[in-house]
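For reference, the chains in residue letters:
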Amino acid sequence: MENNNENEEKPLLFTLRRFHLSEDYGFLLPNPLSELPAPYGPWMEIANNLPHLIQSHQLRSQVYKMPQLSSQHLKGHRELHLAHLALSFITMGFVWQEGEEGTVKLLPRNLAVPYCEISQMLGLPPILVHADFVLANWKKKNLNGNLDTIFSLPGGESLRGFILVTLLVEKAAAPGVKVPYNSYSALLDYVDPAIFYAVIRIFLSGWKDNPAMPGGLIYEGVSDEPMSYSGGSAAQSTVLHAFDELLTIRHSKESSNGPEGAAFLHRMRDYMPPHHRAFIEEIQSAPSLKQHILSSGNEKLRIAYNQCVSVLADLRTYHIAIVTKFIITAAANAKAKKGKESHWVGSLQINPPSSLQERGTGGSGILSFLKSVRDTTRAGIIEC
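Residues numbered from 1 in each chain as written. Predicted model: local features only at pLDDT ≥ 70, side-chain atom pairs only at ≥ 80, totals over all residues. Heavy atoms only, no water.

The protein has the name Indoleamine 2,3-dioxygenase 2 in an unreviewed UniProt entry, where Chrysemys picta bellii is given as its organism. According to UniProt, the comment filed for the protein under the heading Sequence similarities (unreviewed entry) is "Belongs to the indoleamine 2,3-dioxygenase family." (UniProt positions renumbered as here; feature names shortened; annotations may be inferred.)

Next up, the structure:
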């Protein structure tokens, strides 16, 4: 009798395809599109020219001229993801074009309505999230496999380096934890801390828990009341949430900077693609790996588990070092220059926003938050 097992799809608990995951790319969107159908040319023309339009203060006027387009001609999840990516970048540029002192209170109907329609279809909020900024914002630059971003914002090569290094961390995390720890070091080589702090961060910031936009943002044609969303954050990456659940690292009300920190971590899951969020929930509902190891009394399993927890804690310690350099130290340098005229690095004007000092783009009090998350991870070690 012929064996057809090779052609049968095994009913595994964690079938990657079921959660829109890839063995090669992890949580990244495999081979994203970089062009939309012709009717969406006006969106693409603006999205492809954002750094110039923002720096020349022309973006808002160009957005007001955009035709009112429907999302009905978009076919398939890859076109929807590219459309969401384009409108997310346009929205962040539109809101923050004039910095924290010149924000807007209303997103025009011709941008807000299709943006919210597409967001609803994808199960994502109408703001630039990690799933846009990193997971879907990449393309192969040439036949050698070199990577580039699809869309950009002011920040030049530092922004490009920040996106692509974060992308490589995501890709490296597919088989395990150790490799992304090594990949993080590339961030120090490719991103200028002054440019990241003073130029890039504001365009990743949202309108929730942000003093620059305390009233949120009205999405014209969608809601008459302001809506509040957190900006892009590493806490929106599914990778670390999945590792936490697998290793039974519990960021409860007694940890992660108190109930607000724990609530922030869980709220960030609402900014993930639904299938990725479901992957975390599937791990959470499965039998506890840690409890199995405790019950087995197997010393080799205990040592292997503790090594995994230690590496995850080390990764978070390294993240704290990066944040200290790119935000805390950069903030101190900015304060030292307060009152002085803004300066230029190449074609970029350095004029740091004051409302984001020592806070993450997601709105968290960043250093105490990250330290408590790291300490909670360390507490997961199984003692002898």
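More follows now that the structure is in view.
Student: Explain the overall build of the protein to me, using residue names and the numbers behind them.
Tutor: For the protein, the helix and strand inventory stands at 16 helices and six strands. For the protein, buried positions account for 52% of its 384 residues. If you take every contact in the protein between residues at least 6 apart in sequence, the share linking residues at least 24 apart comes to 77%. (Helix = DSSP H or I, 4+ residues; strand = E, 2+ residues; numbered from the N terminus. Buried < 20%, exposed > 50% of the residue type's maximum accessible area, 1.4 Å probe, protein only. Contact = heavy atoms within 4.5 Å.)

Student: Residue-level account of the packing of helix H10 (residues 193–200) against helix H15 (residues 299–336), with values.
Tutor: H15 packs onto H10 with a crossing angle of 80 degrees between their chain directions and a minimal axis gap of 9 Å. Compared by their axis directions, H10 and H15 come out roughly perpendicular. Touching Pro193, Phe196 and Tyr197 of H10 are Lys325, Phe326, Ile327, Ala330, Ala331 and Ala334, all from H15. Broken down by class, the residue content of the contact of H10 with H15 amounts to eight nonpolar, no polar and one charged. (Axes fitted to C-alpha atoms, helices over the stretch in contact; angles between N-to-C directions. Parallel < 35°, antiparallel > 145°, perpendicular 65-115°, else oblique. Nonpolar A, V, L, I, M, F, W, Y, C, P; charged D, E, K, R; others polar.)

Student: Outline the side chain of Ser71, listing residues and values.
Tutor: Structurally, the position occupied by Ser71 is in the loop between helix H3 (59–65) and helix H4 (76–96). Residue classification places Ser71 among the buried positions, given a relative accessible area of 9%. Among the polar contacts listed, one links the side chain of Ser71 to the side chain of Glu117, at a separation of 2.9 Å. Setting aside residues up to four positions removed in sequence, Ser71 forms contacts with Tyr40, Glu117, Ile118 and Met121. (Polar contact = N/O pair within 3.5 Å; in protein donor to acceptor, adjacent residues only side chain to side chain.)

Student: Describe the packing of aromatic side chains, with residues and values.
Tutor: Under the criterion given, the structure shown has twelve aromatic pairs. Their ring planes at 25 degrees and their centres at 6.2 Å tell us that Phe89 and Phe133 sit as a pair that is stacked. With a gap of 44 residues between them, Phe89 in helix H4 and Phe133 in helix H6 (residues 130–135) connect regions that are remote in the sequence. Look at Phe133 and you get buried, because its relative accessible area is 6%. Members of the aromatic cluster, each reached through a chain of ring pairs, are Phe89, Phe133, Phe151, Phe162, Phe196 and Phe326. The lysine or arginine in question, Arg60, covers the ring of Phe94, its NZ or CZ lying 5.8 Å from the ring centre. It is Lys171 that lies over the ring of Tyr25; its NZ or CZ is 5.8 Å from the centre. (Phe/Tyr/Trp six-rings, centres within 6.5 Å; stacked < 30°, edge-to-face > 60°. Lys NZ or Arg CZ within 6 Å of the ring centre and 35° of its normal.)

Student: So, the pattern of salt bridges: which residues are in play, and what are the values?
Tutor: Under the definition given, this model contains nine salt bridges. Note that Arg316 and Asp244 form a salt bridge whose closest N and O atoms lie 2.9 Å from each other. Taken together, the positions of Arg316 in helix H15 and Asp244 in helix H11 (residues 238–246) put the pair 72 residues apart, joining distant regions of the chain. Like Arg316, the residue Asp244 is buried in the burial classification. Arg374 is the partner of Asp375 in a salt bridge, and the nearest nitrogen-oxygen pair spans 2.8 Å. Accessibility expressed as a relative area gives 39% for Asp375, which makes it partly exposed. Each of Asp148, Glu157 and Arg160 takes part in one network of salt bridges that share partners. (Salt bridge = Lys/Arg side-chain N within 4 Å of Asp/Glu carboxyl O.)

Student: Tell me about helix H13 (residues 274–285), and please be specific about residues and values.
Tutor: Here H13 is twelve residues long and its end C-alpha atoms lie 16 Å apart, about the 16 Å a rise of 1.5 Å per residue gives. Where H13 is buried, its residues meet H6 and H11. (Expected span 1.5 Å × (residues − 1).)

Student: How would you sum up the UniProt feature "binding site: heme b" (unreviewed entry) in the protein? Please name residues and give values.
Tutor: The feature "binding site: heme b" (unreviewed entry), as given by UniProt, occupies His319 in the numbering adopted here. Judged by relative accessible area, which is 18%, His319 ranks as buried.

Student: I'd love a proper account of the confidence of the model for the protein, names of residues and values included.
Tutor: Averaged over every residue, the pLDDT of the protein is 86; residues scoring 70 or more account for 83%. Contacts of residues 1–14 to residues separated by more than four positions or lying in other chains number twelve contacts, the stretch itself having pLDDT below 50. Scored below 50 in pLDDT, residues 177–183 makes 15 contacts in the model with residues more than four places away or belonging to other chains. (pLDDT = per-residue confidence, 0-100.)

Student: Describe in detail the packing of H11 against H15, supporting the description with residues and values.
Tutor: For the pair H11 and H15, interaxial distance at closest approach is 11 Å and the crossing angle is 145 degrees. Crossing of H11 over H15 shows left-handed handedness. The residues of H15 that touch H11, namely those facing Leu240, Phe243 and Asp244, are Leu312, Leu315 and Arg316. Split by residue class, the contact of H11 with H15 holds four nonpolar, no polar and two charged. (Left-handed = near helix turned anticlockwise from the far one by under 90°.)

Student: Which residues make up unusual backbone geometry, and what are the values?
Tutor: Working note: non-glycine residues mostly have negative phi, and peptide bonds are mostly trans. Not every positive phi belongs to a glycine, and His20 is a case in point at roughly 55 degrees. Its location among the elements puts His20 in the segment before helix H1 (41–47). With a relative accessible area of 43%, His20 lands in the partly exposed category. Notably, His57 is not glycine yet its phi reads approximately 60 degrees, a positive angle. Structurally, His57 is set in the loop between helix H2 (50–55) and H3. The partly exposed category is assigned to His57, whose relative accessible area is 48%.

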